[in-house]
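Architecture and fold: a report
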Amino acid sequence: MTRRAGALLATLGVLGCGATGEPSQGATGSDTAPTQTAAPGVGAPGIGDPDFPLDGNGGYDVAHYALRIGYVPARRQLDGEATIRATATQPLSRFNLDLHGFEIGAVSVDGAAATFTREGDELSVTPARPLADGAEFAVRIAYSGKPQPVRGSSNLGTYGFIPTADGAFVTCEPNGAKTWFPANDHPADKATFDFEITVPSGVTALANGELVSRKPAADGGTTFTWRESHPMVTYLATATMGRFTLREGKTAGGIRNLAAVDPRFSDALGDLYKRSGEITDHWTTVFGRYPFSSTGGVVDDFTAGYALENQTKPMYGGFEPDQSIIAHELAHQWFGNSLSIERWEDLWLNEGFATYAEWMWSEHSGGTSAEERFQSAYSRPASDPIWSYPPGDAQPDDLFNESVYIRGGMALHALRKEIGDGTFFKLLKTWAAEHEHGTVTTEQFTALAERLSGKQLDTLFDVWLFKTGRPAV
Ligand code: TRP
Ligand code: ZN
């Protein structure tokens, strides 16, 4: 589901994608961009994000991923079969998917054997017969091997499918979905997902959305079937596995709630369940209706030290989350997950909003006010790195810079003071409602802020998002 397929294709035409000569950034892996320009009938190797030229792919739009995965933690072995339903957005004699590692067993398109080649993380598929523009097709890929997470450069750390002692911790932002399934691995193409995950007995597999069934598998293991029926970006998909203790129910507001913790964190289960429910309900009063079928959270015994807002199941890596980080990850269910960014440079639309949500939660729950949080960030010295990094243009080699979070949050507070609480909170709800399950850009947000406030806000956004130096207040 690509919102602006036309615009993205236009971008590809102009830049020739991967033909710009830009090397891909460390975070995308170590491939160099292929030198060929996408020829007629050949899908481009990237979706058209100038900062990540090989992420995603051109020429088609995915509607649905059906993933069948068997994983044996003791051997770190994954056997996968992905069936991807998509629509061609141009004539295609060949198209690409993103996949990192693995042996490929067989590839077929619409049931007919297809040939393929691989170069770095690009898998190029040539169907037996070319696909016409607008054709719906299903590509099936059987693959197996030991998953290799991405070791990102700079502040990204390791992400993707990360094996743990009892399973795997699967957190994929920005482009680690390709470490466990073939994907159009870029947030500009959302799709629905089915997961059928078979693990040894005693192991629980947690994926996005709802548990459809849990059945004994032929070889003595267990098969967990999960379904995410709302559009989802690839980096939010998870198949986290291990020993887990679960608590299930509903929030006071009636939203399904599932908390799961590794036995090492069993003391945290009650609090995680209760807080996740309470905070989700509160955000519905601030951001509007909850966009997905359930909420909750997962604490795994893997010391990542970070959390990721995996759709319906935020994941906390090896620590007991406090209210603030729960408020952050659950705010992402609206900002980042329901509304997803079309290009990585707009990441502040996720992280600035989620950071500001922490400040709003603090204010709501009787802690420090958002104004105090703003003032304390504002008082950072002029030499602080957040003043030299404009958050509205997130840098591919330093995507998750503190500025994208903190100065992004400050931009929202500055906006709130400029347009007043009434308009600001109406803006948050309108933004979330108008783009529910869509993809968004900064320009769309600033245009909506101007429309609702009736104010010219160019200077405000410019100094907070796009200029270096501490803005005057
Ligand atoms: N989006 C996460 C947050 O701020 C941070 C993050 C980025 C992350 N990349 C990641 C977490 C990879 C886990 C894995 O909430
Ligand atoms: Zn975040």
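This one's a predicted model, so the numbers in the text were calculated from it and none came from an experiment.

Details of the overall build of the protein chain
For the protein chain, the helix and strand inventory stands at 8 helices and 23 strands. Relative to the globule expectation of 23 Å for 473 residues, the C-alpha radius of gyration of the protein chain, 22 Å, shows essentially globular dimensions. Principal-axis analysis of the C-alpha atoms places the extent of the protein chain at approximately 60 × 55 × 35 Å. In the protein chain, the share of contacts with a sequence separation of at least 24, taken over all contacts with a separation of at least 6, comes to 68%. For the protein chain, the computed accessible surface area is about 17100 Å², with 50% contributed by carbon and sulfur atoms. Charge separation in the protein chain, taken as the distance between the mean sites of 38 positive and 58 negative side-chain charges, equals 5 Å.

Focus: the coordination of the zinc ion (ligand 2)
Taken together, the protein donors to the zinc ion (ligand 2) comprise His328 (NE2), His332 (NE2) and Glu351 (OE), at separations of 1.9 to 2.0 Å. When the donors of the zinc ion (ligand 2) are listed by position in the chain, the intervening gaps give H-x3-H-x18-E. We note that His328, like His332, is buried.

Points about the packing of aromatic side chains
Throughout the structure, instances matching the rule amount to 34 aromatic pairs. Ring geometry for Trp180 and Phe195: centres 6.4 Å apart, planes at 15°, overall stacked. Taken as a pair, Trp180 in the loop between strand S11 (168-171) and strand S12 (191-199) and Phe195 in strand S12 lie far apart in primary sequence, 15 residues in all. Exposure class is identical for Trp180 and Phe195. Each is buried. Plain terms: the ring middles of Phe374 and Tyr378 are 5.8 Å apart, the flat faces sit at 15° to each other, and that makes the pair stacked.

Section: the confidence of the model for the protein chain
On average, residues of the protein chain score 92 in pLDDT, and 91% of them are at 70 or above. Across residues 3-36, where pLDDT falls below 50, the model places 66 contacts with residues more than four positions away in sequence or in other chains.

A look at the site of ligand 1
The immediate surroundings of ligand 1 are formed by 13 residues, with Glu173, Tyr306, Glu309, Glu351 and Tyr405 found nearest. One of the side-chain nitrogen or oxygen atoms of His328 is found 3.3 Å away from an oxygen atom of ligand 1. Between an oxygen atom of ligand 1 and a side-chain N or O atom of Tyr405, the distance comes to 2.7 Å. According to the grid-proximity analysis, the pocket containing ligand 1 is the largest pocket.

A closer look at the pairing of strand S2 (residues 77-88)
Note that strand S1 (residues 60-72) and S2 share 12 bridges and pair antiparallel. Each bridged residue has a counterpart across the sheet, and for Tyr60 the counterpart in S2 is Ala88. Counted along the chain from S1 to the antiparallel partner S2, the turn is 4 residues long, and its residue Arg76 has a positive phi close to 55°. Bridge analysis of S2 against strand S8 (residues 136-145) gives 10 bridges, and the strand direction is antiparallel. Residue pairing for S8: Arg85 is matched across the bridge by Ala138.

Thoughts on the domain arrangement of the protein chain
Assigned domains within the protein chain: domain 1 (14-243), domain 2 (244-331) and domain 3 (340-466). With centres defined by C-alpha atoms, the gap from domain 1 to domain 3 works out at 31 Å. Between domain 1 and domain 3, the residue contacts involve 20 residues of the former and 19 residues of the latter. Carbon and sulfur atoms make up 58% of the area that domain 1 and domain 3 hide from each other, which totals about 1600 Å². At the junction of domain 1 and domain 3, the tally comes to 0 salt bridges. Put simply, domain 1 and domain 3 have 4 residue pairs in polar contact (both at pLDDT 80 or more) between them. A per-class count over the side of domain 1 that touches domain 3 returns 10 nonpolar, 6 polar and 4 charged.

Notes on the sheet that holds strand S20 (residues 307-308)
A sheet is described by the order of its strands in space; here 5 strands give the open sequence S17-S18-S19-S21-S20, paired in mixed fashion. A strand with exactly one partner marks an edge of an open sheet, and here the two such strands are strand S17 (245-250) and S20. Two strands pair when backbone bridges link them, and S20 and strand S21 (residues 315-317) are joined in this way by 2 bridges, in the antiparallel orientation. Bridging from a neighbouring strand, Leu308 pairs with Met315 of S21. Sitting on the sheet, helix H2 (residues 269-287) is in contact with S17, strand S18 (256-261), strand S19 (294-300) and S21, with an inclination near 150° to S18.

Here's the deal with the layout of surface pockets
Computed from the structure, the largest pocket encloses a volume of approximately 380 Å³. Forming the walls of the largest pocket are 20 residues, and the residues nearest its centre are Glu173, Tyr306, Ala307, Phe400 and Tyr405. For the lining of the largest pocket, the elements supplying multiple residues, two or more each, are S20, helix H3 (323-331) and helix H4 (348-364). Looking at the lining of the largest pocket, the element that brings in the most residues is H3, giving 3 residues.

Notes on the packing of H2 against helix H6 (residues 402-434)
Interaxial distance between H2 and H6 falls to 8 Å at its minimum, and their mutual angle equals 100°. Comparing the axis directions of H2 and H6 gives the class roughly perpendicular. Contacts between H2 and H6 involve Thr284, Thr285, Val286 and Phe287 from the first element and Phe425, Leu428, Lys429 and Ala432 from the second. When grouped by side-chain class, the residues that make up the contact of H2 with H6 number 5 nonpolar, 2 polar and 1 charged.

Points about the pattern of salt bridges
Tallying each qualifying case throughout the model produces 19 salt bridges. With a closest N to O distance of 3.1 Å, Glu371 and Lys417 form a salt bridge. Within this pair, whereas Glu371 is found in helix H5 (residues 370-378), its partner Lys417 is found in helix H6, the two being separated by 46 residues in sequence. Members of the salt-bridge network, linked through shared partners, are Arg68, Glu81, Arg140 and Glu196.

Describing the side chain of Thr225
Assignment of secondary structure puts Thr225 in strand S15 (residues 222-232). The contact partners of Thr225, leaving out residues within four places of it in the chain, are Phe195, Glu196, Glu210, Leu211, Val212 and Ser213.

Calculation criteria
Residues numbered from 1 in each chain as written. Chains lettered and ligands numbered in written order. Predicted model: local features only at pLDDT ≥ 70, side-chain atom pairs only at ≥ 80, totals over all residues. Heavy atoms only, no water. Helix = DSSP H or I, 4+ residues; strand = E, 2+ residues; numbered from the N terminus. Rg over C-alpha atoms; globule rule 2.2 N^0.38 Å. Contact = heavy atoms within 4.5 Å. Areas by Shrake-Rupley, 256 points an atom, 1.4 Å probe, with all protein chains shown as cover. Lys, Arg positive; Asp, Glu negative; His and termini not counted. Charge placed at Lys NZ, Arg CZ, Asp CG, Glu CD. Donors = N, O, S within 2.8 Å, 3.2 Å for Na, K, Ca; no water. Buried < 20%, exposed > 50% of the residue type's maximum accessible area, 1.4 Å probe, protein only. Phe/Tyr/Trp six-rings, centres within 6.5 Å; stacked < 30°, edge-to-face > 60°. pLDDT = per-residue confidence, 0-100. Near = heavy atom within 4 Å. Polar contact = N/O pair within 3.5 Å; in protein donor to acceptor, adjacent residues only side chain to side chain. 1 Å grid on protein atoms, 1.4 Å probe; cavity = no way out; pocket = protein on both sides within 12 Å on 5 of 7 lines; lining within 4 Å. Sits in = over half its atoms within 2 Å of the grid points. Pairing = 2+ DSSP bridges. Domains from an automatic or database assignment. Buried area = accessible area lost by both parts, 1.4 Å probe. Salt bridge = Lys/Arg side-chain N within 4 Å of Asp/Glu carboxyl O. Nonpolar A, V, L, I, M, F, W, Y, C, P; charged D, E, K, R; others polar. Axes fitted to C-alpha atoms, helices over the stretch in contact; angles between N-to-C directions. Points joined across faces, edges and corners; volume = space filled by probe spheres on them. Parallel < 35°, antiparallel > 145°, perpendicular 65-115°, else oblique.

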